[in-house]
Amino acid sequence: MSGEYPLVEPTGSLLLAWQVSRESILLVGAGPVASSRLYHLVCAQPRKIYVVAPDDDNVDPEMRYRMTADPDAGAGGNGGVEIEWIKRKYSEHDHADLQLVLQDGQGGGGGGLGMVLVATDDATLSTRICAECRRLRIPVNVADVPPECDFYFGSVLRRGALSVMVSTNGKGPRIAARLRRRIEKSIPDGAGEAIARVGDLRAALRRVEPGKGNDAIAQRMQWMIRVSDQWSIEQLARMDPDMRHRVLQGWATDSAPSYYDVAPARINSLAALGLRAGRAVGLLGPGGSCPVDRDPDGNVRRCPFVLGMTGFVTGLVTASVAVAAWHRYSSMSRR
Ligand SMILES: C[C@@]1(CC(=O)O)c2cc3[nH]c(cc4nc(cc5[nH]c(cc(n2)[C@H]1CCC(=O)O)[C@@](C)(CC(=O)O)[C@@H]5CCC(=O)O)C(CC(=O)O)=C4CCC(=O)O)c(CCC(=O)O)c3CC(=O)O
Ligand SMILES: NC(=O)C1=CN([C@@H]2O[C@H](COP(=O)(O)OP(=O)(O)OC[C@H]3O[C@@H](n4cnc5c(N)ncnc54)[C@H](O)[C@@H]3O)[C@@H](O)[C@H]2O)C=CC1
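Report on the accompanying structure. Predicted, not measured: the structure shown is a model, and the values here were computed from it. (Residues numbered from 1 in each chain as written. Chains lettered and ligands numbered in written order. Predicted model: local features only at pLDDT ≥ 70, side-chain atom pairs only at ≥ 80, totals over all residues. Heavy atoms only, no water.)

Concerning the pattern of salt bridges
Note the following rule: The working definition used for a salt bridge is a side-chain nitrogen of Lys or Arg within 4 Å of a carboxyl oxygen of Asp or Glu. A run of DSSP states H or I qualifies as a helix once it reaches four residues; a run of E qualifies as a strand once it reaches two. Both are numbered from the N-terminal end. A simple rule labels every residue: compare its accessible area, found with a 1.4 Å probe on the protein chains alone, to the largest value its type can have, and call it buried under 20%, exposed over 50%, or partly exposed in between.
Within this structure, the stated rule accounts for 15 salt bridges. Between Lys 48 and Glu 84 there is a salt bridge; the shortest N-O distance is 2.7 Å. Within this pair, whereas Lys 48 is found in strand 2 (residues 48–52), its partner Glu 84 is found in strand 3 (residues 82–86), the two being separated by 36 residues in sequence. On the basis of relative accessible area, Lys 48 is assigned to the buried category, the value being 8%. The salt bridge partner of Asp 200 is Arg 244, with a shortest N-O separation of 3.7 Å. Linking Asp 200 in helix 6 (residues 191–208) with Arg 244 in helix 9 (residues 241–252), this pair joins segments that are 44 residues apart in sequence.

See below:
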């Protein structure tokens, strides 16, 4: 019985996608490590980022660029996130910077100070900031000091709204980066675009059926599952507003249109040509359906040839063993 359920991996970490849009974040330091932290922060789009670090030669060039970028610089700069650079050393005696961010975060409907990240080369300072954060119950990460981390960073890859984080739970950060690069290669082109298009479809569906009751939610979910499972990642990436409109028409008739039901006529005629050619060379079954059952991403779900061959080979082996045993038995009984 217990074998049916996943084994417990006692990793000690809970991987979540923390929503920071209402929170302010304090980052101390401006070297290469702080710079990498800042990049992940602007991607996360918090309410505001405060950076405390002296304006000197130790400031990482990418970090300086993001901190001084025009708010309209868009994705290339600060991603539209407000960054306030407090150009001095962190005041470790009164924690004035922490207090400032705390007070600012509480006003204006903000969710307060969400987290503190420390990336300096001063271990004593880090320990003091960590102690103060824990007293104030603010989650803190001190780069490279696991006992002073309430959460760890991981190796992250991003493709649009898709983020994948590899965590080794503090055991091997460089291996995490290597595995992340491998995973990166296995992600299909257009995955980010496909996710964006699914997001558009789900938002449009909610406009057609805005119900908040359990029945409406269950219906929306069932329909979305049926549609999502029919489209490959590449096909989803190509769902333009016109195709989306036609997919949504399936909602009214409780049908789940496939890519070929809604794709422009040109693509459909190419698909029909492909089907005819496939049938002509005998690759496809009479109805045009391939005898090998694949999911929309091309993974084989069921292959009659393989099943048939496996059965044939198993039968052959069993028969040979039986014949050999019979021969042995009969030659022994003759002796
Ligand atoms: C616990 C954690 C806390 C945290 O910092 O959040 C932590 C801790 C420590 N890192 C150390 C060293 C190195 N860290 C890196 C790189 C990264 N470290 C990252 C995260 C984390 N590092 C968290 C756990 C992550 C996990 O669970 O997998 C990554 C993934 C994310 C990021 O930081 O953004 C980023 C790769 C990003 C990318 O490239 O994609 C390299 C490699 C390099 O620089 O090329 C080295 C040198 C090689 C080596 O030592 O292995 C040391 C030893 C210091 C010493 O020896 O004194 C400690 C302390 C200790 O282990 O005790
Ligand atoms: N987790 C990770 O990925 C890694 C973490 N690290 C660790 O991260 C820390 C930072 O590394 P780097 O960026 O390479 O360091 P760095 O020495 O290049 O930069 C340190 C920064 O902290 C600032 N700073 C120093 N004292 C300060 C104070 N009192 N107040 C405000 N800012 C102050 C400096 O002005 C500088 O901008 C180090 O402890 C390092 O061991 C290093 C490599 C990888």
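Now that the structure has been shown, the text picks up again.
Points about the side chain of Lys 48
What counts is decided by this rule: Under the rule applied, a polar contact is a pair of N or O atoms within 3.5 Å (in protein, one hydrogen donor and one hydrogen acceptor; residues adjacent in sequence only if both atoms are side-chain atoms). Working rule for contacts: check all heavy atoms of both residues, and any pair within 4.5 Å makes them a contact.
Only 2.7 Å separates the side chain of Lys 48 from the side chain of Glu 84, close enough to count as a polar contact. For Lys 48, the contacting residues outside a window of four places in its chain are Glu 23, Ser 24, Ile 25, Glu 82, Glu 84 and Asp 104.

Examining the site of ligand 2
Which entries qualify depends on this criterion: Residues are labelled near a given molecule or strand when at least one of their non-hydrogen atoms is within 4 Å of it. Residue-level accessible areas treat just the shown protein chains as cover; the underlying method is Shrake-Rupley with a 1.4 Å probe. Using protein atoms alone on a 1 Å grid, points that fit a 1.4 Å probe yet trap it form a cavity, whereas open point sets bounded by protein on both sides within 12 Å along at least five of seven lines form a pocket; residues with an atom within 4 Å of a point count as lining. A pocket or cavity is taken to hold a molecule when more than half of that molecule's atoms are within 2 Å of the pocket's grid points.
Neighbouring residues of ligand 2: 19 residues in total, closest Ala 30, Val 33, Tyr 90, Thr 120 and Asp 144. Here an oxygen atom of ligand 2 and a backbone polar atom of Ala 30 are 3.0 Å apart. Protein contact buries 70% of the 870 Å² of open area that ligand 2 shows by itself. One can see that ligand 2 is located within the largest pocket.

What about the packing of aromatic side chains?
Here is the rule: Each Phe, Tyr or Trp ring (for Trp, its six-membered ring) is paired with any other whose centre lies within 6.5 Å, and the angle between the two planes then decides the class: stacked below 30 degrees, edge-to-face above 60, tilted in between.
All chains considered together, the criterion is met by five aromatic pairs. Relative to Phe 151, the ring of Trp 18 has its centre 6.1 Å away and its plane inclined at 80 degrees; by these criteria the two rings are edge-to-face. One end of the pair, Trp 18, is in the segment before strand 1 (24–28); the other, Phe 151, is in the loop between strand 5 (140–142) and strand 6 (155–159), with 133 residues separating them in the sequence. With 6.2 Å between their ring centres and 50 degrees between their planes, Phe 151 and Phe 153 make a pair best called tilted.

Brief notes about the layout of surface pockets
Quick reminder of the rule: Grid points are joined across faces, edges and corners, and a volume is the space filled by probe spheres set on the points. We call Asp, Glu, Lys and Arg charged. Ala, Val, Leu, Ile, Met, Phe, Trp, Tyr, Cys and Pro are nonpolar, and the rest, Gly among them, are polar.
In this structure, the largest pocket encloses a volume near 1,300 Å³. In terms of lining, the largest pocket is formed by 50 residues, of which the most central are Val 33, Arg 37, Ala 119, Ala 143 and Asp 144. Secondary-structure elements contributing two or more residues to the lining of the largest pocket are helix 1 (32–44), helix 4 (123–135), strand 5, strand 6 and helix 5 (173–186). By residue number, the principal contributor to the lining of the largest pocket is helix 5, which donates six residues. Among the residues forming the lining of the largest pocket, the class breakdown is 25 nonpolar, 14 polar and 11 charged. For the second largest pocket, the calculated volume is near 1,100 Å³. Along its surface, the second largest pocket is lined by 31 residues, and Leu 16, Ala 17, Trp 18, Tyr 152 and Met 165 are the ones closest to its centre. For the lining of the second largest pocket, the secondary structure elements donating two or more residues are helix 1, strand 6 and strand 7 (162–166).

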